[in-house]
Amino acid sequence: MTPSPIDRPPEAAREDLHDLMNRLRRQGKPFALATVVRTISVTAAKAGAKAVIGPEGEIAGGWIGGGCARGATLKAARQSLEDGQTRLISLQPEDLLKDRGVSAGEEREGIRFARNMCPSQGTMDIFIEPVLPRPALVILGSSPVAVALADLGPRVGFDISVCAPADEQAAFTEANERIEGYALPVEAAGERYLVVSTQGKGDLIALKAAIGVDARHIAFVGSRRKAESLRQKLLAEGVSKEKLDRIKAPAGLDLGAITPEEIALSILAEILSVRRKDQRGEGLGISSSSEHGDEHS
């Protein structure tokens, strides 16, 4: 019988971590990497020990010691997978926590303290790093703005999914995923940011597809007047107001953009402000764009 990762000795557990992490990345699954960065006194694991915590919050591989460390590590890893933030936890015996004037669960200067109930009474500091799937920029349509978005998106950390009829796919030189038409998958491995840039070719179909799936942000490349006209048509077809309220129109921040590349940049700037909002305050506070030339007409 093959021993589980948590029971294997450190040497054996570390051998397959690289392959495990690569497999999880290829599958688009989130995971966290826990690394022991410091130990004091007697501890089962020493500095440099690592473990991979899988998407369900379980140890998928590696070794960071016995049950004394696992509970606090798994709790911190689950929180990191939820909010995308790194964590540093310090597992210490109760008397040492009292000497420092801190209690288990308390956080000071970026360090979360936990109680070590093991007989060894050692101290172990563990760094938790979440590794989340790259966010997807899903582009519906093949307009010049759509093509510019597909070109710029990967440079700021997005995988690109292009959705367009088969005869329009050639407009895009590269993409991580190609979907003929607008039949978007209901579920996705990571966050999705949708931009409808159909420019008069299948606007209603693309908008219906966009509001039919989960996404962090949905934007429509077009003027307010055009967006409102499409909104009224969709309302008349029975689409709920709540779904339509998810659409940000016109797309992008008001940067005075004119060319397709400039408009694409303004859209990416808006998406980045949404993506980083929880990490850097309340966003950029820049007003939305109004009319971006012919591309938004």
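Source: prediction; values computed, not measured.

**Q** It is not clear to me how the overall build of the protein should be interpreted in this structure. Could you clarify?
**A** Along the protein, the regular secondary structure elements total nine helices and 13 strands. With 297 residues in all, the protein has 45% of them scored as buried. Pairs at least 24 apart in sequence give 60% of the contacts found in the protein among residues at least 6 apart. Split by element, the accessible area of the protein, about 15,100 Å² in all, is 51% carbon and sulfur.

**Q** What am I meant to see in the sheet that holds strand β8 (residues 136-140) here?
**A** Picture the strands of a sheet paired through backbone hydrogen bonds; they go either parallel or antiparallel. Judged by pairing direction, the sheet is parallel, and its six strands sit side by side in the order β10-β9-β8-β11-β12-β13 without closing on themselves. Taken across any chain shown, the strands that pair with only one partner, and hence form the sheet edges, are β10 (177-180) and β13 (247-248). The pairing of strand β9 (residues 159-164) with β10 spans four bridges and is parallel. The partner of C163 across the bridge, within β10, is I179.

**Q** How should I be thinking about the confidence of the model for the protein in this particular structure?
**A** Low pLDDT marks regions whose predicted coordinates should not be analysed in detail. Here the protein averages 85 in pLDDT, while 88% of its residues score no lower than 70. In this model, residues 1-15 is a region of pLDDT below 50 whose contacts with residues beyond four sequence positions or in other chains number 17 contacts. Contacts of residues 281-297 to residues separated by more than four positions or lying in other chains number 47 contacts, the stretch itself having pLDDT below 50.

**Q** What is the right way to read helix α3 (residues 67-83) from this model?
**A** A turn of α-helix holds 3.6 residues, and therefore any two residues three or four places apart point the same way. Helix length check: α3 (17 residues) gives 25 Å between terminal C-alpha atoms against 24 Å at 1.5 Å per residue, within 8%. Considered for burial, the residues of α3 that qualify are A69, T73, L74, A76, A77, S80 and L81. Structurally, α3 contributes buried residues whose contacts are with β1 (31-40), β2 (50-53), β3 (59-62), β4 (87-92) and β7 (123-131). G84 occupies a position one or two residues after α3 and carries a positive phi of about 75 degrees.

Thresholds applied
- Residues numbered from 1 in each chain as written.
- Predicted model: local features only at pLDDT ≥ 70, side-chain atom pairs only at ≥ 80, totals over all residues.
- Heavy atoms only, no water.
- Helix = DSSP H or I, 4+ residues; strand = E, 2+ residues; numbered from the N terminus.
- Buried < 20%, exposed > 50% of the residue type's maximum accessible area, 1.4 Å probe, protein only.
- Contact = heavy atoms within 4.5 Å.
- Areas by Shrake-Rupley, 256 points an atom, 1.4 Å probe, with all protein chains shown as cover.
- Pairing = 2+ DSSP bridges.
- pLDDT = per-residue confidence, 0-100.
- Expected span 1.5 Å × (residues − 1).

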